[in-house]
Amino acid sequence: MFETEQQAVEAQIRQFIAENQLPDPGEFQWTPIPFAGEWGISTSFFQLAAKQARAGAQINVPQRAQEIAAAVAEELGLPSGFARLEAVKGYLNLYYSPGEFTQRVVDEVLEQGQGFGRGAPKGEQVMVEFSQPNTHKAFHVGHLRSAILGEAIARILEHAGYQVVRSNYIGDIGLHVIKWMWNYLKYHAGELPPDKDRTRWMGDLYAEASRRLEENPDLESEVRALFGHWDRKEPEIVALWEKTRQWSLDGFAEVYQILDIRFDRYYYNSEVEEPGKAMVEELVRRGIAVDERPDGPVFVRIDEKLGLEKEKYRVLVILRSDSTALYGTEDLALAILKFNEFDLARSIYVVDVRQSLYFQQVFKILEIMGYSWAERCYHLAYELVNLPGNVVIASREGAVVLLEDMVREATRRALEIVREKNPSLPEEKKREVAFAVGLGALKYPMLARDNTRIVTFDWEVALDFNGQAAPYIQYAHVRANSILNRLQEDQPIEIHQGEKSPVQEIGLKNNGPSISLPPARFEYRLDPSEVQLIDLISRFPGEVQRAAAEYKTLPITNLAYELARAFTEFYNACPVLKADPDVRAARLRLVAAARQAIANVLNLLGIIAPQVM
């Protein structure tokens, strides 16, 4: 909120350090001071004192840190934008005026709207690869966390100021596709997928193929024969593959539309298979890979190539003995393709934790090949999702919980709650709200737990209107919205020009015309619930940067819940429409700011902020 003032203070401190021939402090680390009647920021001089000690100065580090802090405080005087400053135990603490801080927070939110919390453009491009389903299979709950986590990380990075490229790597070739086509040609020739639930139909046929082959292993010879036709790229088989592949892709598009997920670039196994094989031959020629064909595979002894005595990265097989491709063949080529197409500061792979060693191996082979950008590849690992009753997710057996079924169940359960809570709402609106609530209930548990921990999904918890769940956060947004709507309906306000700034127009196009709120000053004694709410709103830009730096959604999910809880406490403790005129005007602006902040936080999580519930 006070970036300009903070930067001015830093410049003065650096000038003081240079004039006094002190060591370069590096980047200043500022932390918020917990509210105790006033807000503030703090920085420490311990590292600076420690640098002096390491340079040979005979000093007591804590004592020296305090001496520097006191000298800096004296040099600064009272910087612009701050109410007071102090040097305490090696820390420099700068405090804002509570009224000025509140004013700045609320005004900034209302001025920036959906852009509140957005960081300045960083001039860096980041690719987030996520979802990665296989064609000719079902889109089940096992795919859900990658899709939801990847989209949320992409939104957070965008809001932090990065240019984000969303990519999806589709498994569109391989034995699973041949099995599906064999089953289709032999038992379902000429059939067309249904208009709805295409991925269910595709998954059913794949599960059926697996069952038939398990029951009669002799049929495997027919599958191998079909693989041969495919390998020779016979036109009829290629045409069937293209047609049926598109059926899957159309089904995936429906799923992504439901989840409000988009992609900028689709990559496919079929796109990188041949380049991957050519790259393997290059690795063999360069002596990086060992070629034991036809009796054995092609592989890389990674530890040996890195000169490591202890086993760490082991061996990765990158081509089968019959020269057919493996995942490693294609992932090596895919990485090269990505960095050839885009100027990436980072390439993030959102893939489950079981692939952790594999991605370390791929990245290290790229490093051995001489690609300096290999260190910019990052595996964002996530744990799996457990469902009640320990439901097994296995496409081969068909014992899967489909995403479409989860969305329908979530919407059905949410609709029951909405009908109970708001029976007067039109039925069409109830269904819209139920969809928003149900989808939020699915997404939030996937994001509110650290990505390295297993998510155990539970309907009671996910749809809790009084706990740490999406419906509770969404309901806080609705409550803020209802206050502003009542203002619009029952208490029209006078629109006038303030002394210094014109009327702030905020886009509340919910259930009526936009509402205009006049400027107001926070010159009254703030209630503790207001202080807490203002404090949390002010943290949003910083939490966005932290979440982006850590590739974590937890800072955002936690803030979303804390914001909702703080607004609920404020809602219960502080009258707004019935408050004294000056207080009423200020609190209306605080309500509008809270509503916008909650909406922005939910948007980063891919969760709809409904207007009514």
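Residues numbered from 1 in each chain as written. Predicted model: local features only at pLDDT ≥ 70, side-chain atom pairs only at ≥ 80, totals over all residues. Heavy atoms only, no water.

**Some details on the pairing of strand β9 (residues 298-301)**
No. 1: Relative to β9, strand β8 (residues 290-291) is paired through two bridges, and the arrangement is antiparallel. By the bridge assignment, aspartate 291 is partnered in β9 with valine 298.
No. 2: Across four bridges, β9 lies against strand β10 (residues 315-319) in antiparallel orientation. If you follow valine 300 over to β10, its bridge partner there is leucine 316. (Pairing = 2+ DSSP bridges. Helix = DSSP H or I, 4+ residues; strand = E, 2+ residues; numbered from the N terminus.)

**Focus: the nonpolar core**
Nonpolar side chains in soluble globular proteins tend to be buried together.
No. 1: Judged by nonpolar contacts, the single largest core of 142 residues is most densely connected at Ile13, Phe45, Val128, Leu157, Ile537 and Phe567.
No. 2: If you look at the next biggest cluster of nonpolar residues, it comprises 37 residues, including Val165, Tyr267, Leu316 and Ala335. (Core = buried A, V, L, I, M, F, W, Y, C linked by side-chain atoms within 4.5 Å. Buried < 20%, exposed > 50% of the residue type's maximum accessible area, 1.4 Å probe, protein only.)

**Thoughts on the pairing of strand β3 (residues 84-88)**
No. 1: When β3 meets strand β4 (residues 91-95), the two strands line up antiparallel, connected through five bridges. Looking at the pairing, arginine 84 lines up with tyrosine 95 of β4.
No. 2: What sits between β3 and β4 in their antiparallel hairpin is a turn of two residues, with lysine 89 showing a positive phi close to 50°.

**Some remarks on the side chain of lysine 338**
No. 1: Position of lysine 338 relative to the elements: it lies in helix α12 (residues 327-341).
No. 2: When sequence neighbours within four positions are dropped, the list of residues in contact with lysine 338 reads Met127, Glu129, Tyr267, Leu344, Ser347 and Tyr349. (Contact = heavy atoms within 4.5 Å.)

**What about the sheet that holds β8?**
No. 1: Strand order in the open sheet made by the three strands is β8-β9-β10, with antiparallel pairing throughout. In the strand order of this sheet, the two ends are held by β8 and β10, each with one partner.

**Things to note about the environment of lysine 338**
No. 1: Here lysine 338 falls in the buried class, since its relative accessible area comes to 0%.
No. 2: Separated by 71 residues in sequence, lysine 338 and tyrosine 267 place their C-alpha atoms 9.3 Å apart.

**Some thoughts on the sheet that holds β4**
No. 1: In space, the four strands of this open sheet follow the order β1-β2-β4-β3, with antiparallel pairing throughout. Only two strands of the sheet have a single neighbouring strand rather than two, namely β1 (31-33) and β3. Taken pair by pair, the neighbouring strands of this sheet meet at an average axis angle of 30°, ignoring direction.
No. 2: Both strand β2 (residues 40-44) and β4 contribute to a ladder of five bridges, which runs antiparallel. Its bridge partner being in β4, glycine 40 is matched across the sheet by tyrosine 95.
No. 3: Here helix α3 (residues 61-76) sits on the sheet and contacts β3 and β4; the angle it forms with β3, its principal contact strand, is near 160°. (Axes fitted to C-alpha atoms, helices over the stretch in contact; angles between N-to-C directions.)

**Considerations on the pattern of salt bridges**
Pairs may arise between side chains of opposite charge once their charged atoms sit close together.
No. 1: Tallied over the full model, the rule gives 46 salt bridges.
No. 2: In this structure, the salt-bridge partner of aspartate 197 is arginine 408, at a minimum N-O distance of 2.9 Å. Taken together, the residues aspartate 197 in the loop between α6 (175-187) and α7 (198-215) and arginine 408 in helix α14 (residues 403-421) connect sequence positions 211 residues apart.
No. 3: A relative accessible area of 17% means that aspartate 197 is categorised as buried.
No. 4: Notably, a salt bridge pairs arginine 354 with aspartate 352, separated by 3.1 Å at the nearest N-O pair.
No. 5: What makes arginine 354 exposed here is its relative accessible area of 60%.
No. 6: Given the relative accessible area of 11%, aspartate 352 is considered buried. (Salt bridge = Lys/Arg side-chain N within 4 Å of Asp/Glu carboxyl O.)

**A few points about helix α4 (residues 98-112)**
Counting along an α-helix, one turn takes 3.6 residues, and residues three or four places apart therefore face a common direction.
No. 1: If you check α4, its first and last C-alpha atoms are 21 Å apart, about what 15 residues at 1.5 Å a residue would give, namely 21 Å.
No. 2: Every buried residue of α4 is listed here: Phe101, Thr102, Gln103, Val105, Val106, Asp107, Glu108, Val109 and Leu110.
No. 3: Once α4 ends, the next one or two residues include glycine 113, with phi positive near 60°. (Expected span 1.5 Å × (residues − 1).)

**Re the side chain of histidine 176**
No. 1: Relative to the elements of secondary structure, histidine 176 occurs in helix α6.
No. 2: Histidine 176 sits in the buried class, given a relative accessible area of 11%.
No. 3: In terms of polar contacts, histidine 176 uses its side chain to reach the backbone carbonyl oxygen of threonine 135, at 3.1 Å.
No. 4: Once residues lying within four places of it in the same chain are set aside, the contact partners of histidine 176 are Asn134, Thr135, His136, Lys137, Gly171 and Tyr206. (Polar contact = N/O pair within 3.5 Å; in protein donor to acceptor, adjacent residues only side chain to side chain.)

**Concerning the packing of helix α10 (residues 269-285) against α12**
No. 1: At a closest axis distance of 7 Å, the pairing of α10 and α12 adopts a crossing angle of 100°. Judged by the inter-axis angle, α10 sits roughly perpendicular to α12. Between α10 and α12, the contacting residues are Asn269, Glu271, Val272, Glu273, Pro275, Gly276, Lys277, Met279 and Val280 on the first element and Thr329, Glu330, Leu332, Ala333, Leu334, Ile336 and Leu337 on the second.
No. 2: Residue composition of the contact of α10 with α12, grouped by class: nine nonpolar, three polar and four charged. (Parallel < 35°, antiparallel > 145°, perpendicular 65-115°, else oblique. Nonpolar A, V, L, I, M, F, W, Y, C, P; charged D, E, K, R; others polar.)

**Some thoughts on the environment of phenylalanine 363**
No. 1: Here phenylalanine 363 shows up in helix α13 (residues 356-368).
No. 2: Residue phenylalanine 363 is classed as buried on the basis of its relative accessible area, which comes to 12%.
No. 3: Between the alpha carbons of phenylalanine 363 and tyrosine 256 there is a distance of 29 Å; along the sequence they are 107 residues apart.
No. 4: Those residues within four positions of phenylalanine 363 in sequence are excluded, and the remaining contacts are Tyr349, Ala374, Cys377, Tyr378 and His379.

**A short note on the environment of leucine 213**
No. 1: Tracing the chain through its elements places leucine 213 in helix α7.
No. 2: Spatially, the C-alpha atom of leucine 213 lies 8.9 Å from that of lysine 179, the residues being 34 residues apart in sequence.
No. 3: With residues near it in sequence (within four places) discarded, leucine 213 still touches Lys179, Trp182, Leu219, Glu220 and Val223.

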